[in-house]
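Report on the structure
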Amino acid sequence: MAPIDIPALEQRARDMRAEELRRLEGVFLERMRVYARLLGASLLLLLEFVSEALRPLFSWTGRRPSAR
């Protein structure tokens, strides 16, 4: 039976762990980009809704409409 090289196995495990963390970092960044775009689009829609809701308040002149 061949001897087990514990330090080499530990080093290989550390290398594999580092590779996996780098891969997951890329996945995380891609998902964050997607979430940021969705959040931005949602905020724009919310701002548009609020602006449409507030528009009548700021367009009011206080005068009665003139009869023509």
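Heads up: the structure comes first, above all this text.
Quick summary incoming for the structure in this document. (Residues numbered from 1 in each chain as written. Predicted model: local features only at pLDDT ≥ 70, side-chain atom pairs only at ≥ 80, totals over all residues. Heavy atoms only, no water.)

A short note on the pattern of salt bridges
As enumerated under the stated definition, the model contains three salt bridges in all. The partner of Glu30 in a salt bridge is Arg33, and the shortest N-O contact between them spans 2.6 Å. Of this pair, Glu30 and Arg33 both sit in helix α1 (residues 6–59), separated by three residues, roughly a single helical turn. Judged by its relative accessible area of 40%, Glu30 is partly exposed. The class of Arg33 is partly exposed, set by a relative accessible area of 43%. With a closest N to O distance of 2.9 Å, Glu52 and Arg55 form a salt bridge. You can see Glu52 and its partner Arg55 sitting in helix α1, three residues apart, about one turn around the helix. Look at Glu52 and you get partly exposed, because its relative accessible area is 46%. (Salt bridge = Lys/Arg side-chain N within 4 Å of Asp/Glu carboxyl O. Helix = DSSP H or I, 4+ residues; strand = E, 2+ residues; numbered from the N terminus. Buried < 20%, exposed > 50% of the residue type's maximum accessible area, 1.4 Å probe, protein only.)

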